[in-house]
Amino acid sequence: MKRINEIVSIVLIITILFCLTGCSMNKLSHVKIAEYLDKEARYYQYNDIDEFAKIFGTPVKGNEGFISFKDEKAQELYDRVFNNLFSYSDFNIVEATCSYGGNSFGANALFLFTLNDEKEAEKFFKDVKTAFEDNGDTDNGDEKGITYFCSCKTTNKRHVIRNVYLEKNTVLIVMCAANEIYFVDDFLEYFKLPYIIDGIDD
């Protein structure tokens, strides 16, 4: 009996370690992206959706920040900040991380949403992809467990970037309309995510 208990304990430990390792391997991780926004981008972390919503969409220097929530607050963040502007279908959001940065050169925004299941996440990805398909040069495919769609349109040195990435039940949306795209360029390079600028793969 003692031997059986030892075997069961070992199996449980291996299972837990496997799960933890699997979670840490995800590129589209709320923890990793929040850490990047905090430490690398040095964005201010908001804890109030009302305060974050006030800066969102206003390209003024100093309007840089991010916010992260789970459960009901995550759903509220999707409904009030993202879907209030873009009018997508209703989706069940279980975790959300959003960021915004604006100045005289333009603006950028990131939206990371984890949905109830992979099937719903895939539908959300396809909806966003459809909305982005008319944005100039495009590229799409699968790379290391991530399905992606990237687009870029450049007019008078102003880049409009519209990218969406799917990993399991998590969707990342990257949006930028700016003359200088350092933030988006650095972010996508850091996380080794595919993107295009002027039709050139990076």
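Let me begin by describing the structure that accompanies this report. (Residues numbered from 1 in each chain as written. Predicted model: local features only at pLDDT ≥ 70, side-chain atom pairs only at ≥ 80, totals over all residues. Heavy atoms only, no water.)

**Comments concerning the pattern of salt bridges**
Part 1 of the argument: One pass over the structure, following the stated rule, counts five salt bridges.
Part 2 of the argument: Of the charged contacts in the structure, one is a salt bridge between Asp 50 and Arg 80, with a shortest N-O distance of 2.6 Å. One end of the pair, Asp 50, is in helix α3 (residues 49-55); the other, Arg 80, is in helix α4 (residues 71-86), with 30 residues separating them in the sequence.
Part 3 of the argument: According to the relative accessible area criterion, Arg 80 is partly exposed, its value standing at 36%.
Part 4 of the argument: Ionic pairing is found between Lys 123 and Asp 127, a salt bridge with its closest N-O pair at 3.4 Å. Note that Lys 123 and Asp 127 are positioned in helix α5 (residues 118-132) at a spacing of four residues, about one turn of the helix.
Part 5 of the argument: A relative accessible area of 43% places Lys 123 in the partly exposed class.
Part 6 of the argument: On the basis of relative accessibility, which here comes to 23%, the residue Asp 127 falls in the partly exposed class.
Part 7 of the argument: Connected through shared salt-bridge partners, Asp 50, Glu 76 and Arg 80 make up one network. (Salt bridge = Lys/Arg side-chain N within 4 Å of Asp/Glu carboxyl O. Helix = DSSP H or I, 4+ residues; strand = E, 2+ residues; numbered from the N terminus. Buried < 20%, exposed > 50% of the residue type's maximum accessible area, 1.4 Å probe, protein only.)

**Regarding the packing of aromatic side chains**
Remark: the centre distance and the inter-plane angle together describe each pair of aromatic rings, the angle taken between the planes.
Part 1 of the argument: Counted according to the given criterion, the structure contains 23 aromatic pairs.
Part 2 of the argument: Summarising the aromatic geometry, the rings of Phe 52 and Phe 56 are spaced 5.9 Å apart at their centres and angled 50 degrees between planes, so their arrangement reads as tilted.
Part 3 of the argument: A relative accessible area of 0% means that Phe 52 is categorised as buried.
Part 4 of the argument: Judged by its relative accessible area of 15%, Phe 56 falls in the buried class. (Phe/Tyr/Trp six-rings, centres within 6.5 Å; stacked < 30°, edge-to-face > 60°.)

**Topic: the pairing of strand β7 (residues 158-167)**
Part 1 of the argument: Along β7, seven of the 10 residues are buried, which leaves the element largely enclosed by surrounding structure.
Part 2 of the argument: Note that strand β6 (residues 146-155) and β7 share seven bridges and pair antiparallel. Within β7, the position partnered with Cys 152 by the bridge is Ile 161.
Part 3 of the argument: Where β6 hands over to β7, the hairpin turn is made up of two residues, of which Asn 156 adopts a positive phi near 50 degrees.
Part 4 of the argument: The pairing of β7 with strand β8 (residues 170-178) spans nine bridges and is antiparallel. Counted as the bridge partner of Ile 161 is Cys 176 from β8.
Part 5 of the argument: Between β7 and β8, which follow one another and run antiparallel, lie two residues, and Lys 168 among them has a positive phi close to 55 degrees. (Pairing = 2+ DSSP bridges.)

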